[in-house]
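Chain residues, written in single-letter form:
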Amino acid sequence: MTALPLPDIARQMTTAPLALDWVGMQGIAVPLRLHGERLAAQADAGVSLDKADARGIHMSRLYLALQRLAHEELRPALLRALIDDFLASHTELSQRASVRLHFEALLQRPALVSHLSGWKGYPCELLAEGDARHMRLELRLQLAYSSTCPCSAALARQLIQQRFASDFGGRALEHADLHAWLGGSAGIAATPHSQRSLADLRLQLRGDLAELPLLALLDCAERSLGTAVQTAVKRADEQAFALANGQNPMFCEDAARRLHHALAQREELLAFELTVVHAESLHAHDAVARSRWQREAA
Ligand SMILES: Nc1nc2c(ncn2[C@@H]2O[C@H](COP(=O)(O)OP(=O)(O)OP(=O)(O)O)[C@@H](O)[C@H]2O)c(=O)[nH]1
């Protein structure tokens, strides 16, 4: 091949000058290091194109800067360094930069009672965006849980009472009869409906955090709900789950409030927006609640 100079279109001037909010690439495959483990991720990386007459940005420079994700632990400082790299490689062109990472955090979760554990995948998204001075960091987490309808639970209890009145009305109660009745199908004449539900948390993190509080925030959210979906399950675990559901009936409003109150206590957060979706088994549509919070200025 002859060593002719290669045409460089990105360095040309455009004939239709206009600054652009964001230019970059989406869906770049990258490995991440999280808690020392390697994870597969997809990255969206870009910069603003502030120089209105510049033809294009230099995509390869952003792509190459992303390669450090493969070697360094994913923490806020690494994202800050990436934003700085993006801007330093586009000094004439861009004032703002962003990187968004999509990945699944695979975490080992213990069973409720037995000594078993299993793996649970949590869809995550981490966005860092900013200029040379400020960086906004947003962590999006999704977690699944079970919600039992409190209205349905009350209606079921009423039916059980009615069945009790019809089976035992007008006769003296014998402990043994009642015990047997409770343990049979007559004693649970109706069951409340429950459904797999999803919490979608968009959490704005403080910029000065040394580590990503991903696990702590997931734990906090799952604790507040009380009925996170399980991994390894033996009958003893299933019974504990039935108890947790029975003690925790939740409308979508209840779930949103529980999460809100728990997350608003977290020091790592500046703001959040949360959505809970209960994929109703009573209806063919979902019940949804949203809530927002912002830390008051000190
Ligand atoms: N700006 C821009 N580049 C694109 C686009 N689609 C593909 N590319 C390619 O991205 C490649 C990398 O661009 P640059 O980073 O400018 O590559 P380069 O000129 O070899 O690198 P530098 O010498 O660092 O500027 C080029 O081959 C472009 O053709 C696009 O829509 N916009």
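The structure presented is a predicted model; accordingly, all values stated were derived computationally and were not measured.

Points about the sheet that holds strand β7 (residues 269–278)
Here is step 1 of the chain: Read from one edge of the open sheet, eight strands run β1-β2-β3-β4-β5-β6-β7-β8, paired in antiparallel fashion. In the strand order of this sheet, the two ends are held by β1 (20–34) and β8 (287–294), each with one partner. The average angle at which neighbouring strand axes cross in this sheet is 15°, direction not considered.
Here is step 2 of the chain: Examined bridge by bridge, strand β6 (residues 194–205) and β7 share nine bridges and lie antiparallel to one another. Residue Arg-202 lies in a different strand from β7, and its bridge partner there is Glu-273.
Here is step 3 of the chain: On the sheet, helix α2 (residues 76–88) packs against β2 (37–49), β3 (97–110), β4 (117–130) and β5 (135–148) and is oriented at approximately 160° with respect to β3.
Here is step 4 of the chain: On the sheet, helix α5 (residues 214–225) packs against β1, β3, β4, β5, β6 and β7 and is oriented at approximately 30° with respect to β5.

Topic: the site of the ligand
Here is step 1 of the chain: Around the ligand, the surrounding shell consists of Asp-8, Ala-10, Gly-56, Ile-57, His-58, Met-59, Ser-60 and Arg-61.
Here is step 2 of the chain: In the environment of the ligand, a nitrogen atom lies 3.0 Å from a nitrogen or oxygen atom belonging to the backbone of Ile-57.
Here is step 3 of the chain: Contact between the ligand and Met-59: an oxygen atom at 3.3 Å from a main-chain N or O atom of the residue.
Here is step 4 of the chain: Relative to its unbound accessible surface of 650 Å², the ligand loses 43% to contact with the protein.
Here is step 5 of the chain: Its residues placed into classes, the shell around the ligand shows three nonpolar, three polar and two charged.

A word on the environment of Ser-197
Here is step 1 of the chain: Looking at the secondary structure, you find Ser-197 in strand β6.
Here is step 2 of the chain: In this structure Ser-197 comes out as buried when scored by relative accessible area, which is 2%.
Here is step 3 of the chain: Considering only alpha carbons, one finds Ser-197 and Val-30, 167 residues apart in sequence, at a separation of 30 Å.
Here is step 4 of the chain: Setting aside residues up to four positions removed in sequence, Ser-197 forms contacts with Leu-143, Ala-144, Tyr-145, Ser-147, Val-277 and His-278.
Here is step 5 of the chain: Polar contacts involving the side chain of Ser-197 include one to the side chain of Ser-147, which spans 2.8 Å.
Here is step 6 of the chain: Polar contacts involving the side chain of Ser-197 include one to the main-chain carbonyl oxygen of Gln-195, which spans 3.3 Å.

Some remarks on the pattern of salt bridges
For side chains of opposite charge, pairing can occur when their charged atoms come near one another.
Here is step 1 of the chain: According to the stated counting rule, one finds 20 salt bridges in the structure shown.
Here is step 2 of the chain: Here Glu-72 makes a salt bridge to Arg-68, at a shortest N to O gap of 3.2 Å.
Here is step 3 of the chain: Between Asp-167 and Arg-163 there is a salt bridge; the shortest N-O distance is 3.5 Å. With Asp-167 and Arg-163 both in helix α3 (residues 150–168) and four residues apart, the pair spans about one turn of that helix.
Here is step 4 of the chain: You can call Arg-163 partly exposed: its relative accessible area is 37%.

Describing α2
Here is step 1 of the chain: Helix length check: α2 (13 residues) gives 18 Å between terminal C-alpha atoms against 18 Å at 1.5 Å per residue, within 8%.
Here is step 2 of the chain: Those residues of α2 that sit buried are Pro-76, Leu-78, Leu-79, Arg-80, Ala-81, Leu-82, Ile-83, Phe-86 and Leu-87.

Here's the deal with the UniProt feature "site: May be catalytically important" (unreviewed entry) in the protein
Here is step 1 of the chain: UniProt records the feature "site: May be catalytically important" (unreviewed entry) at Cys-149, using the numbering of this structure.
Here is step 2 of the chain: Relative to the elements of secondary structure, Cys-149 occurs in the loop between β5 and α3.
Here is step 3 of the chain: The buried category is assigned to Cys-149, whose relative accessible area is 9%.
Here is step 4 of the chain: Those residues in contact with Cys-149, other than ones at most four positions away along the chain, are Pro-192, His-193, Pro-249, Met-250 and Phe-251.

Side note on the packing of aromatic side chains
Here is step 1 of the chain: Overall, the coordinates contain four aromatic pairs when judged by the stated rule.
Here is step 2 of the chain: Here the aromatic rings of Phe-164 and Trp-181 are separated by 5.6 Å at their centres, their planes lie at 65°, and the arrangement is edge-to-face. Remark: Trp-181 occurs in helix α4 (residues 175–183) and Phe-164 occurs in helix α3; sequence separation between them is 17 residues.
Here is step 3 of the chain: Taking relative accessible area as the criterion, Phe-164 reaches 29% and is therefore assigned partly exposed.
Here is step 4 of the chain: Classification of Trp-181 by relative accessible area gives buried; the value is 11%.
Here is step 5 of the chain: Relative to Trp-181, the ring of Phe-168 lies with its centre 5.5 Å away and its plane at 85°, an arrangement referred to as edge-to-face. Placement of the pair is Phe-168 in helix α3 and Trp-181 in helix α4, with a sequence separation of 13 residues.
Here is step 6 of the chain: Its relative accessible area of 6% is what places Phe-168 among the buried residues.
Here is step 7 of the chain: Counting every residue linked through ring pairs, the aromatic cluster contains Phe-164, Phe-168 and Trp-181.

About the cut-offs
Residues numbered from 1 in each chain as written. Predicted model: local features only at pLDDT ≥ 70, side-chain atom pairs only at ≥ 80, totals over all residues. Heavy atoms only, no water. Pairing = 2+ DSSP bridges. Helix = DSSP H or I, 4+ residues; strand = E, 2+ residues; numbered from the N terminus. Axes fitted to C-alpha atoms, helices over the stretch in contact; angles between N-to-C directions. Contact = heavy atoms within 4.5 Å. Near = heavy atom within 4 Å. Polar contact = N/O pair within 3.5 Å; in protein donor to acceptor, adjacent residues only side chain to side chain. Areas by Shrake-Rupley, 256 points an atom, 1.4 Å probe, with all protein chains shown as cover. Nonpolar A, V, L, I, M, F, W, Y, C, P; charged D, E, K, R; others polar. Buried < 20%, exposed > 50% of the residue type's maximum accessible area, 1.4 Å probe, protein only. Salt bridge = Lys/Arg side-chain N within 4 Å of Asp/Glu carboxyl O. Expected span 1.5 Å × (residues − 1). UniProt positions renumbered as here; feature names shortened; annotations may be inferred. Phe/Tyr/Trp six-rings, centres within 6.5 Å; stacked < 30°, edge-to-face > 60°.

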